[in-house]
Amino acid sequence: MSIEISHVGKRFGDFVALDNVSVSIPSGRLTALLGPSGGGKSTLLRIIAGLEHADTGRIEIDGVDATRLPPQKRNVGFVFQHYAAFKHLSVRRNVAFGLEIRKRPKDEIDRRVDELLALVHLQQFGERLPAQLSGGQRQRMALARALAVEPTVLLLDEPFGALDAKVRKELRDWLRRLHDEVHVTTVFVTHDQAEALEVADEIVVINDGRVEQTGSPDDLYDRPANEFVMRFLGPVTQLDDQLVRPHDLQIHTRPEPSTVAGRATRITRVGFEIRVEVTTITGQVVTVTLTRNEFLALGLRNDAAVHLRIAPNSPTTAVATTDQPSSTSPSLAASH
Ligand SMILES: Nc1ncnc2c1ncn2[C@@H]1O[C@H](COP(=O)(O)OP(=O)(O)OP(=O)(O)O)[C@@H](O)[C@H]1O
């Protein structure tokens, strides 16, 4: 049930939404399409679903050319952010819907709906109307409905986008567990890097209609292909011309090999971590995060002399352009 996307292009008028995108989505895995708003994630998902047609390129689902197949012939299930349930039908009937239109025998439908409601932990809510469910429960109903017809591929467009942070978190843990049980090839769209890193087996980073990088969460986090991926996966700071994550910087109170000298110009406690802003001798302002214990061991105070370096084997990427107006001039930064 793998999905092969080859050289897909899509324009809306003059606007290039997808520019020669090629991606292999492996069978039985949970794959996230991750990227900023407007990057083309939903367009790609809709092209996989058959709700939108590519101008160029090819989509293969499970070895079959699906480029021109209508959605109902692709055997995909999908769930969108603002999922429209049948308001007047019970949860059970909503889940059964796809099976009923396929005219499956009644006892088979009953059995399957029972299984699905158990799977999404909604057994006791079968007779309720969708309006009598919470947002998270409604999304689980939507997933049960999508799974009812045993799709070979499950496509989810920001399935938890409209929910509050706590429910999102619960649902994402739940989606991971569900996927571990069912193993249907699943592709979900998200702009939330934490969601992708936590839930997905594979992540495809999409920006500006192009694929920036594809890989496991570890690949992306430990070996970001470029500055965009590095920045998109979490906070970064710049030391000389290197982008680095603030927790991958070491602060020493004495000079060490390859340290850069500076002063602690601002110390802020942010929950469980301490954020130290260091102004280097070249005037670059660098952010370092320390655990409380690391901070106490250093005995740092405002205006203390410090020496910075990047911890060995930390992921870094070279910066094309400087992002800190208060730091050294681009020509000086580039000369390091
Ligand atoms: N039917 C359409 N007509 C014109 N432009 C469109 C259409 N659908 C999408 N676009 C444009 O294509 C670009 C990609 O949209 P898409 O919805 O794929 O992005 P996305 O990465 O999913 O973003 P978001 O997370 O905001 O949904 C956007 O700039 C959008 O405005």
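Above this text you will find the structure in question.
Residues numbered from 1 in each chain as written. Predicted model: local features only at pLDDT ≥ 70, side-chain atom pairs only at ≥ 80, totals over all residues. Heavy atoms only, no water.

Engineer: I'd like to hear about the side chain of R309, residue by residue, with values.
Structural biologist: Here R309 shows up in strand β17 (residues 305-310). In this structure, R309 is buried with no salt-bridge partner, the nearest side chain bearing the opposite charge being E256 at 4.4 Å. Within polar-contact distance, the side chain of R309 engages the backbone oxygen of P257 at 3.0 Å. Excluding anything up to four places from it in sequence, R309 contacts L239, D248, L249, Q250, H252, E256, P257, S258 and T259. (Helix = DSSP H or I, 4+ residues; strand = E, 2+ residues; numbered from the N terminus. Buried < 20%, exposed > 50% of the residue type's maximum accessible area, 1.4 Å probe, protein only. Lys, Arg positive; Asp, Glu negative; His and termini not counted. Salt bridge = Lys/Arg side-chain N within 4 Å of Asp/Glu carboxyl O. Polar contact = N/O pair within 3.5 Å; in protein donor to acceptor, adjacent residues only side chain to side chain. Contact = heavy atoms within 4.5 Å.)

Engineer: Give a detailed account of the site of the ligand, specifying residues and quantitative values.
Structural biologist: Lining the immediate surroundings of the ligand are F12, F15, A17, P36, S37, G38, G39, G40, K41, S42, T43 and E158. The backbone of G38 places a nitrogen or oxygen atom 2.7 Å from an oxygen atom of the ligand. At 3.0 Å, a backbone N or O of G39 approaches an oxygen atom of the ligand. Computed on the free molecule, the ligand has an accessible area of 640 Å², of which 59% lies beneath the protein chains in the complex. When residues of the shell around the ligand are assigned to their parent elements, the largest contribution, three residues, is made by helix α1 (residues 41-49). In the shell around the ligand, the residues fall into four nonpolar, six polar and two charged. (Near = heavy atom within 4 Å. Areas by Shrake-Rupley, 256 points an atom, 1.4 Å probe, with all protein chains shown as cover. Nonpolar A, V, L, I, M, F, W, Y, C, P; charged D, E, K, R; others polar.)

Engineer: Account for the sheet that holds β17, with residues named and values stated.
Structural biologist: Strand order across the open sheet formed by five strands is β13-β17-β14-β15-β16, with antiparallel pairing between neighbours. Across the chains shown, the open sheet's two edge strands, defined by having one partner strand only, are β13 (249-252) and β16 (285-291). Taken pair by pair, the neighbouring strands of this sheet meet at an average axis angle of 45 degrees, ignoring direction. Pairing between strand β15 (residues 273-280) and β16: seven bridges, direction antiparallel. Pairing of I274 across the sheet is with L290, part of β16. (Pairing = 2+ DSSP bridges. Axes fitted to C-alpha atoms, helices over the stretch in contact; angles between N-to-C directions.)

Engineer: Before we move on, could you go through the nonpolar core and cite the residues and values that matter?
Structural biologist: It is characteristic of soluble globular proteins that their nonpolar side chains tend to be buried jointly. V95, L175 and I203 are the most contacted members of the largest nonpolar core, which totals 44 residues. Per-element accounting of this core gives the leading share, seven residues, to helix α4 (residues 135-148). Beyond its immediate sequence surroundings of up to four residues, L175 is in contact with L30, L156, F160 and V199. Of all hydrophobic cores here, the second largest spans 23 residues; its members include I3, L45, I48 and A49. (Core = buried A, V, L, I, M, F, W, Y, C linked by side-chain atoms within 4.5 Å.)

Engineer: How would you explain the sheet that holds strand β18 (residues 316-318) if you had to name every residue and give the values?
Structural biologist: Taken together, three strands build an open sheet; the order of strands is β11-β12-β18 and the sheet is antiparallel. Lying at the two open borders of the sheet, with one neighbouring strand each, are β11 (237-239) and β18. Strand-to-strand twist across the sheet, computed as the mean angle between neighbouring axes with direction ignored, equals 35 degrees. Both strand β12 (residues 242-244) and β18 contribute to a ladder of three bridges, which runs antiparallel. By the bridge assignment for β18, L243 is matched with T317.

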